[in-house]
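Fold and geometry: a report
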Amino acid sequence: MFQPNMFDAHHHLLEMTHKTVENDLDIIRDDEYESKSGTDIMEAPSGDDQDPNQRPKKKRYHRHTQHQIQEMEAFFNECPHPDDKQRKELGRRLSLEPLQVKFWFQNKRTQMKAQHERNDNSQLRAENEKLRAENIRYKNALSNATCPNCGGPAAIGEMSFDEQHLRIENVQLREEIDRISGIAAKCVGKSMLPYSPISTRPTRSLDLGVSSFTGEIHGGSGDLLRSVSRYSEVDKPVIIELAVAAMEELIRMAQTGEPLWVQGSNGLSEMLVEEEYVRNFPRGIGPKPIGMKTEASRESAVVIMNHINLVEILMDVNQWSSVFSTIVSKASTLEVLSTGVAGNYNGALQVMTAEFQVPSPLVPTRETCFVRYCKKHVDGTWAVVDVSIDNLRSNTIPKYRRRPSGCLIHELPNGYSKVTWVEHVEVDDRGVHSMYKLLVNSGLAFGAKRWVGTLDRLCERLASVMANNISPGDIGVISSPEEKKSMLKLAERMVMSFCNGVGASTAHTWTTLSGSGDDDVRVMTRKSMDDPGRPPGVVLSAATSFWLPVPPKKVFDSLRDENSRSEWDILSNGGLVQEMAHIANGRDPGNAVSLLRVNSANSSQSNMLILQESCTDSAGSYVIYAPIDIDAMNMVLSGGDPDYVALLPSGFAILPDGPNGPAGGNPDVGSGGSLLTVAFQILVDSVPTAKLSLGSIATVNNLIKCTVERIKGAVLCDGE
C-alpha cells in the first residue's frame, strides 16, 4: 500500500546526510608544509642543568625553500608514495634529511585528501538540495491530485496499485538518471545539464541521425578514438539517457513473448516481428536506414559460472575480448563514465568500440562504437546492455549499428547462472560472399546463439581448470594443476592468435591469388620483430574457405582425430601421430587440448611437438594447432611463462551452411553441409626486413591447395 509519509522519511534522510565534517580539514594550507629538521630538535637538559621553573622551549621547524617545494611537488605528481631509497635520493639532492622528506609527503597527501573531500562534500550538498526540491515538488503534486472520473480532489488511497507502482518506479528511475549524470559530471569536471522529468514533457525520439558533429567513424580504432574525444558535456546526458532507455528495452525484449517474438520458419528459432517492435519501442536510435537489414535473435542457456564472474567478464574489455576471441577480433574501452557503486559494476557505464568477425576472409567484419551499461535490478537479476552511439558524431550512415543488445543473468544455486541473450542489429551485408549469405541471414553467424554457445563452452573450459577429480594414473592426462594451467594458457593464446589472423579484420589486408572462384586462396604478410610470442621474421598467412556436403560434426571429428591426421597433414610426411598429453575442456569429448608427437623418419621433426586445441559448440567448431619445440614445452610445464613461447598457429574453422531444420524446399534452411576455412601461418624468412619472394607465395599456395584436396578426399570418404 502506498505510504503518504514516504517523502517525509526521505526528507529526513537527506537532512542527516547533509551534515558534513570538514572544518578540521580546512586548517591545512600549502604554506604550512613544514617538517622537523634533525638539527632543530632540542635536546632535553638533564641533571642539575635543568631549571624546574624554566618553561621548555618550543621546537623550531624548518621552512623549505621555494626550489625544494617545487622539486618535491614535481616528484609527488609522479610518485606520491616514495620508498626509503627514493626519499634518501631526493633528500640528498635537496639537502634535506630523509625524515623531512617523509613528513613533507605525508602532509601533502593529507592536503590532497582534504581537498578531494571538500569537493565531494560540495557536490553532495548540491545533490541533496536538488533531491529535497524534487521531493517537495512530488509532495505538492500528490497533494493536488484530482480524480480522473469526477475532477474533484483525490485521496492517495484512491490510486490503483499499478499507478502507485508506476509513480514509485518513476521516482527510482529519476534518481538513477540523476546519480549517473552526477558521476559523469564528476568525470568531466563540469556540471551536467539537468534531466527534465519524463512525466512533464512529451516523449521525444532519441533519433541520433541528425547531429552537429562531423568526422568519419569507419576505419580503425584510432578513428573511433579521435571521434569520441569530441564528445562534449552536452552529449553525455544524451548517452546516459540512451543507455537507461536501452536497459529498459533489453529487459522487455528478453522477457516478452508473442506477438513481439514468433516461431521462425525453420521451427527451431524465434523471429522478431518488426512492426510490433516499432509499436512497442518508438524511442531508440531512430528508424532503420535505407539499405540496411535487421538481424534479431534471442537465446537462453544455463552456464557453469556464478553471476558475479559473468558480469566481470562482460565489463572488463580484456576478459570480454579473450573469452569471445572467436567473435571479437578487437575491442577497446574509450571512456568510462561510471565505474559502478558499492564496489561492484552496478551502474557502470562505459563507451567502447569493437569489431565482430566470422572466421573467414569472405565475411566482412562489423565495427561500431557503443555504450555499455550494467545494472543490478530489484529481483537480483543483472543486465548488461549495448547500444550504438555512432550517429552522435558522424553525419554518415554507418554500415553496422547495435540496437539495444545484451544479456540478462539470473543467479542459480551451486554457482550456475541462467543467461538470456538478445542480439538486435542493423547491417549492410552486401559485402558478404554468397556462400555465407544463408548463414549470416539466419543469425547464426553473429546472433545470440553464437554468443551463448561460445560463453557456455568457455565456462566449461574455465571450470575444467579447477577440476581436481582426475586420476593421476590415466594415460596421457595432465593432472597437475600447475601444468594444466600453463598448458591451457598457452593454448588460449594460440586460439586468439589464430582467430585474429583468419577473419577479414580491418587490421590487415588480404590479397587474393588466382583460383577457381569460391575456393580462392587469400594471403597476407606480417613482419614479426619484437613479439616474444612469434618467431622473428616474415610470416605469410594463407586462408581459403569452401563448402563440403558433410555435416559439421563429421568434419570436426575427422580433423581432430590424431589417427587420421596423416591423411591430410602434408607436414607430418605420413608419420604416425601419437597423443602425448590430454586435457578435457567440457562435457563434449571434442573439447580438449592435446599434445601430439609425430613419429616421422625426418630427423628435423624429432624435437617437435604439436599443441592442438579442438572445441565445438552449437554455433561452430575449431581445430587449431601449432608446432612447438620440446624444450619450450618442458619449460611451460615446469612453470615457465607461456607468453614467451613462439607460436605460429594454423587450423580449421567449421561452420554450418545454414540453420538446421526440415528442408522441404525451405530456402531459409541449410543443406546440412559445412563451410570449412583452412588457414596456415608459415615463417618464410627469419629476417624481418627481407622481401617476400614469389616462390614463397607459390609454395604456400600449393601447400594449402594440396591440403584442401586431401581434406576433401578424407572427409568425403569418411562421410560415405
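The structure presented is a predicted model; accordingly, all values stated were derived computationally and were not measured. (Residues numbered from 1 in each chain as written. Predicted model: local features only at pLDDT ≥ 70, side-chain atom pairs only at ≥ 80, totals over all residues. Heavy atoms only, no water.)

Okay, the overall build of the protein next. Within the protein one finds 16 helices and 21 strands. Across the 720 residues of the protein, 47% fall into the buried class. Looking at the protein alone, contacts between residues at least 24 apart form 68% of all its contacts between residues at least 6 apart. (Helix = DSSP H or I, 4+ residues; strand = E, 2+ residues; numbered from the N terminus. Buried < 20%, exposed > 50% of the residue type's maximum accessible area, 1.4 Å probe, protein only. Contact = heavy atoms within 4.5 Å.)

The subject of this paragraph is helix α3 (residues 84-94). Among the residues of α3, those classed as buried are Arg87, Leu90, Gly91 and Leu94. Projected down its long axis, α3 carries its buried residues within an arc of 100 degrees, all on one side. Set apart from the buried face of α3 by more than 90 degrees, the exposed residues are Lys85, Lys88 and Arg92. Positive phi shows up at serine 95, right after α3, with a value of about 60 degrees. (Arc of directions from axis to C-beta.)

What follows is about the packing of aromatic side chains. As enumerated under the stated definition, the model contains 15 aromatic pairs in all. On the basis of an interplanar angle of 40 degrees and a centroid distance of 5.2 Å, the ring pair of tyrosine 277 and phenylalanine 281 is categorised as tilted. A relative accessible area of 6% places tyrosine 277 in the buried class. Looking at phenylalanine 281, the relative accessible area reads 9%, which means it is buried. Consider the rings of tryptophan 320 and phenylalanine 370, whose centres lie 6.5 Å apart with planes at 75 degrees: the pair is edge-to-face. (Phe/Tyr/Trp six-rings, centres within 6.5 Å; stacked < 30°, edge-to-face > 60°.)

Applying the stated criterion across every chain yields a total of 27 salt bridges. With its nearest N and O atoms 3.6 Å apart, the salt bridge here joins lysine 108 to glutamate 73. With lysine 108 in helix α4 (residues 98-143) and glutamate 73 in helix α2 (residues 66-78), this pair connects stretches of sequence that are 35 residues apart. Here glutamate 73 falls in the partly exposed class, since its relative accessible area comes to 29%. Through salt bridges that share partners, Arg372, Asp386, Arg402 and Glu423 make up one connected network. (Salt bridge = Lys/Arg side-chain N within 4 Å of Asp/Glu carboxyl O.)

Right, let's get into the sheet that holds strand β20 (residues 650-656). Pairing is antiparallel in the open sheet, where nine strands are placed in the order β13-β14-β15-β21-β20-β19-β18-β17-β16. Two strands close off the open sheet at either side, each with one partner strand: β13 (511-512) and β16 (576-584). Sitting on the sheet, helix α12 (residues 448-466) touches β16, β17 (592-599), β18 (608-616) and β19 (621-629), and the angle it makes with β18 is about 130 degrees. (Pairing = 2+ DSSP bridges. Axes fitted to C-alpha atoms, helices over the stretch in contact; angles between N-to-C directions.)

Take the nonpolar core next. In this structure, Trp320, Phe324, Phe356, Trp421 and Tyr436 are the most contacted members of the largest nonpolar core, which totals 48 residues. At six residues, the largest contribution of residues to this core is made by α12. Leave out the neighbours within four places in its chain, and tyrosine 436 touches Val358, Ser360, Leu362, Val363, Ser545, Leu655, Leu675 and Thr677. Listed in part, the 32 residues of the second largest apolar core include Leu242, Ala243, Leu408 and Val422. (Core = buried A, V, L, I, M, F, W, Y, C linked by side-chain atoms within 4.5 Å.)

On the secondary structure map, proline 361 appears in the loop between β7 (349-356) and β8 (366-376). Sequence separation of proline 361 and threonine 509 is 148 residues, and the distance between their C-alpha atoms is 9.6 Å. Not counting chain neighbours up to four residues away, the residues in contact with proline 361 comprise Val502, Gly503, Ala504, Trp510, Arg522, Ala543, Ser545 and Thr677.

With respect to the helices, strands and loops of the structure, serine 405 is situated in strand β11 (residues 405-411). Judged by relative accessible area, which is 0%, serine 405 ranks as buried. Ignoring anything within four residues of it in the chain, the contact list for serine 405 reads Leu250, Val384, Val385, Asp386, Val422, Glu423 and His424.

Moving on to the packing of α2 against α3. Two quantities define a packed helix pair, namely the angle between the helix axes and the distance between the axes. Running from N to C, α2 and α3 cross one another at 155 degrees; their axes reach a closest spacing of 11 Å. Relative to α3, α2 is oriented roughly antiparallel. In terms of crossing hand, the pair formed by α2 and α3 is right-handed. Contact residues: α2 offers His67, Gln68, Glu71, Met72 and Phe75, while α3 offers Gln86, Leu90, Arg93 and Leu94. Of the residues assigned to the contact of α2 with α3, the class counts are four nonpolar, three polar and two charged. (Parallel < 35°, antiparallel > 145°, perpendicular 65-115°, else oblique. Left-handed = near helix turned anticlockwise from the far one by under 90°. Nonpolar A, V, L, I, M, F, W, Y, C, P; charged D, E, K, R; others polar.)

Before going further, it helps to examine the pairing of β20. β20 sits mainly inside the fold: seven of its seven residues count as buried. Both faces of β20 are covered, namely the face carrying Ser650, Phe652, Ile654 and Pro656 and the face carrying Gly651, Ala653 and Leu655. In this structure, β19 lies alongside β20, joined through five bridges in antiparallel fashion. Residue pairing for β20: isoleucine 624 is matched across the bridge by glycine 651.

Attention now goes to the confidence of the model for the protein. A residue-level look at the protein finds 73% of positions with pLDDT of 70 or above and a mean pLDDT of 77. Predicted confidence is poor over residues 1-50, with pLDDT under 50, and the contacts of this stretch with residues over four places away or in other chains come to 67 contacts. Counting contacts from residues 471-475, a segment whose pLDDT is below 50, to residues more than four positions away or on other chains yields one contact. (pLDDT = per-residue confidence, 0-100.)

Turning our eyes to something else, we now look at a nonpolar patch on the surface. The grouping of Val302, Ile304, Leu412 and Tyr416 at the surface amounts to a nonpolar patch, some 290 Å² of accessible area in total. Within the secondary structure, isoleucine 304 is located in the loop between β5 (293-303) and α9 (307-315). (Patch = residues over 30% accessible without salt bridge, like charges linked within 9 Å, V, L, I, M, F, W, Y side chains within 5 Å. Areas by Shrake-Rupley, 256 points an atom, 1.4 Å probe, with all protein chains shown as cover.)

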